[in-house]
Amino acid sequence: MKTQRLLVVLTVLNIGLLAFLLAQTRVHIGLQGVRVWTNIDGSVLRGRALEIVDDQGRTRVAINLRGADQGASYPETVILRLIDQNGRPSVKLSNSDRGGLLALASDAQDTYVQLSGRELTVTKDGRRQAIQ
């Protein structure tokens, strides 16, 4: 009789676990308590980074999270890069607790424009000019 009860309990637990996994539910237990996410309709793609590659396997678009530096000179930053066929980022959009940044690079070396909440920086042929 005990064996039959154990089998029934295990079967119920397995069915519950199967439903939990099929519903694409994610649980996080941390200092803030228990958080539960569901993605029943499959409309959200979750991950730590995203790369889109071309037919040759070269990364053309990258979205990633760069952790904070130990020396705290760089805060945690989310970066979107659009990369040309030569592997150079031509558009970079980033956000951190210091604010946002948009950088547009040209095909010429050391020629780009950076727009942040603090200033507009134009660099041409290695010469940097800040416009405030």
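Keep in mind it's a predicted model, so treat the numbers as computed, not measured.

Asks: I tried to follow the overall build of the chain on my own but got confused; where do I start?
Replies: When helices and strands are counted, the chain shows one helix and 10 strands. Ordered by position in the sequence, the α and β elements of the chain form the string α-β-β-β-β-β-β-β-β-β-β. Its C-alpha atoms give the chain a radius of gyration of 24 Å, more than 25% over the compact-globule value 14 Å for 132 residues. Overall size of the chain, expressed as C-alpha extent along the three principal axes, is 85 × 40 × 25 Å. Burial statistics for the chain: of 132 residues in total, 11% are counted as buried. For the chain, the share of sequence-separated contacts (at least 6 apart) that also reach a separation of at least 24 residues comes to 4%. In the chain, 17 side chains carry a positive charge and 12 a negative one; their mean positions are 10 Å apart.

Asks: Just checking my understanding: could you explain the environment of Leu102 for this structure?
Replies: Structurally, Leu102 is set in strand E7 (residues 99-105). Separated by 27 residues in the primary sequence, Leu102 and Pro75 place their C-alpha atoms 16 Å from one another. In contact with Leu102, other than residues within four places in its own chain, are Val91, Lys92, Leu93, Val113, Gln114 and Leu115.

Asks: Quick question: what am I supposed to make of the pattern of salt bridges here?
Replies: Opposite charge on two side chains allows them to pair when their charged atoms are near. Tallied over the full model, the rule gives three salt bridges. Here Arg58 and Asp54 are joined by a salt bridge, their closest N and O atoms 3.0 Å apart. By relative accessible area, Arg58 is classed as partly exposed at 37%. Linking Arg128 and Glu119 is a salt bridge whose minimum nitrogen-to-oxygen distance equals 3.3 Å. Given the relative accessible area of 58%, Arg128 is considered exposed. Through salt bridges with shared partners, a single network forms among Asp54, Arg58 and Arg60.

What counts and what doesn't
Residues numbered from 1 in each chain as written. Predicted model: local features only at pLDDT ≥ 70, side-chain atom pairs only at ≥ 80, totals over all residues. Heavy atoms only, no water. Helix = DSSP H or I, 4+ residues; strand = E, 2+ residues; numbered from the N terminus. Rg over C-alpha atoms; globule rule 2.2 N^0.38 Å. Buried < 20%, exposed > 50% of the residue type's maximum accessible area, 1.4 Å probe, protein only. Contact = heavy atoms within 4.5 Å. Lys, Arg positive; Asp, Glu negative; His and termini not counted. Charge placed at Lys NZ, Arg CZ, Asp CG, Glu CD. Salt bridge = Lys/Arg side-chain N within 4 Å of Asp/Glu carboxyl O.

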